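Structural description and commentary
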Amino acid sequence: MKCKSTFGSTAFTNKMIFSSSHQHLVAHEVGAFIDHEAAAFHPTGAAVAQIVFYEDKNFQGRSFECSIDCPELSSHFSHCNSIQVKRWAWVLYEDTNFMGCQYILTRGEYPDYQRWMGFNDSIRSCRMVRNVSQPYTGAFRIRLYKQPEFQGQIMESIEDWPYLYDRFHHREVQSCNVLDGAWVFFEHPNYRGYQYLLERGEFRRFSDWNAMHPTVGSIHRVQEL
């Protein structure tokens, strides 16, 4: 099974926030998790993040609206064929409890699962992105290491690299330190293949970002417009 990237799609725009608070469920045709405290986590105090899942293509059929991290979505819909990201950006997972292939969706409309480069129509959990910075004014900084435990050759970057090998001269990243912002690693160049979200913190080995191998072909900043 292959996971593909969202950043290569036409739906790549940016808007992001993170929150963790109590859930409030509205039970009718459109279920909804509404987090009324989430705005406090955003530096501008803007409205809360929001995503709407639809069981059918083109935003048809049963739908579910969410504005908070949700480790289990299968009780709200059985499959997902279209999505509207109304505010910020989200990480979707094929399995429950934030496991399995990741798909990062920024604000926009996705009328079928191919638009988010999904392998199938299975979405079982989701959460908002943390440590997001604004373009031009926000801070981004990451250090890549050739060896585990922050050893070997080092590359520090504050910008995107669609062809990482041109800059790092290695096809493997064994450890990294995200100093500012949130970043996405892609298995292949030009933002293709498996993708992994890395938020601020230390990653002593590639398994810490849930990768099966250390191959990294491109890196991308997660930005907020």
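Preceding block: the structure.
Note that this is a predicted model, so its numbers are computed, not measured. (Residues numbered from 1 in each chain as written. Predicted model: local features only at pLDDT ≥ 70, side-chain atom pairs only at ≥ 80, totals over all residues. Heavy atoms only, no water.)

**With respect to the packing of aromatic side chains**
Taken as a whole, this structure holds 11 aromatic pairs when the rule is applied. Ring geometry for Phe-185 versus Trp-209: centroids 5.2 Å apart, planes at 85°, classification edge-to-face. Remark: Trp-209 occurs in the loop between strand E15 (201-203) and strand E16 (218-222) and Phe-185 occurs in strand E13 (residues 182-188); sequence separation between them is 24 residues. Across the pair, exposure class does not vary: Phe-185 and Trp-209 are buried alike. For Trp-209, a relative accessible area of 2% puts it in the buried group. A network of ring pairs unites the aromatic residues Phe-53, Phe-64 and Phe-77 as a single cluster. (Phe/Tyr/Trp six-rings, centres within 6.5 Å; stacked < 30°, edge-to-face > 60°. Helix = DSSP H or I, 4+ residues; strand = E, 2+ residues; numbered from the N terminus. Buried < 20%, exposed > 50% of the residue type's maximum accessible area, 1.4 Å probe, protein only.)

**Regarding the sheet that holds strand E7 (residues 99-105)**
Note on sheets: strands pair through backbone hydrogen bonds, and any given pair is parallel or antiparallel. Spatially, E7-E6-E9 is the arrangement adopted by the three strands of the open sheet, whose pairing is antiparallel. At either end of the open sheet lies a strand with only one pairing partner, and these are E7 and strand E9 (125-128). Taking each pair of neighbouring strands and ignoring which way they run, the sheet shows an average axis angle of 25°. (Pairing = 2+ DSSP bridges. Axes fitted to C-alpha atoms, helices over the stretch in contact; angles between N-to-C directions.)

**Here we look at the pattern of salt bridges**
Two side chains that carry opposite charge are able to pair once their charged atoms sit near each other. According to the stated counting rule, one finds nine salt bridges in the structure shown. A salt bridge links Arg-141 to Glu-156; its shortest N-O distance comes to 3.5 Å. A residue pair is termed long-range when its members are at least 10 positions apart, and Arg-141 in strand E10 (residues 141-147) and Glu-156 in strand E11 (residues 151-157) qualify at 15 residues. On the accessibility criterion, Arg-141 (28% relative accessible area) is partly exposed. Taken together, the shared-partner salt bridges in this structure form one network comprising Arg-141, Arg-143, Glu-156 and Asp-180. (Salt bridge = Lys/Arg side-chain N within 4 Å of Asp/Glu carboxyl O.)

**Comments concerning the sheet that holds E15**
The four strands lie next to each other as E11-E10-E12-E15, forming an open sheet whose pairing is antiparallel. Strands at the two margins of the open sheet, each flanked by one partner only, are E11 and E15. Between one strand axis and the next, the sheet turns by 15° as a mean value, whatever way the strands run.

**Focus: the nonpolar core**
When a protein is soluble and globular, its nonpolar side chains tend to lie buried together. The biggest cluster of nonpolar side chains holds 43 residues, and the ones touching the most others in it are Phe-53, Ile-83, Leu-92, Leu-144 and Phe-185. Counting 10 residues, the second largest nonpolar core, distinct from the first, contains Val-129, Val-184, Tyr-191 and Val-222. (Core = buried A, V, L, I, M, F, W, Y, C linked by side-chain atoms within 4.5 Å.)

**Considerations on the side chain of Gln-50**
Tracing the sequence through the fold places Gln-50 in strand E3 (residues 50-56). A polar contact of 2.4 Å, which involves the side chain of Gln-50, links it to the side chain of Glu-65. Beyond its immediate chain neighbours, meaning those up to four positions away, Gln-50 contacts Glu-65, Cys-66, Gln-84, Val-85, Lys-86, Arg-87 and Trp-90. (Polar contact = N/O pair within 3.5 Å; in protein donor to acceptor, adjacent residues only side chain to side chain. Contact = heavy atoms within 4.5 Å.)

**Comments concerning unusual backbone geometry**
The phi angle at Asn-58 is positive, at roughly 60°, despite the residue not being glycine. As for its placement among the helices and strands, Asn-58 is situated in the loop between E3 and strand E4 (60-66). The phi dihedral of Asn-190 is positive, around 60°, even though this residue is not glycine. Under the relative-accessibility criterion, Asn-190 is labelled partly exposed at 37%.

**Examining the pairing of E3**
The buried fraction of E3 is high, at six of seven residues. In this sheet, strand E5 (residues 82-87) lies alongside E3 in antiparallel orientation, the contact comprising five bridges. Residue pairing for E5: Tyr-54 is matched across the bridge by Ser-82. As defined by bridge partners, E3 adjoins E4 across five bridges and the pair is classed as antiparallel. Each residue of the ladder has a partner; that of Phe-53, found in E4, is Phe-64. Turn length for the E3-E4 hairpin, with the two strands adjacent in sequence and antiparallel, is three residues, and the turn residue Asn-58 shows positive phi of about 60°.

Everything listed here is a matter of coordinates, which is why it stays silent on function.
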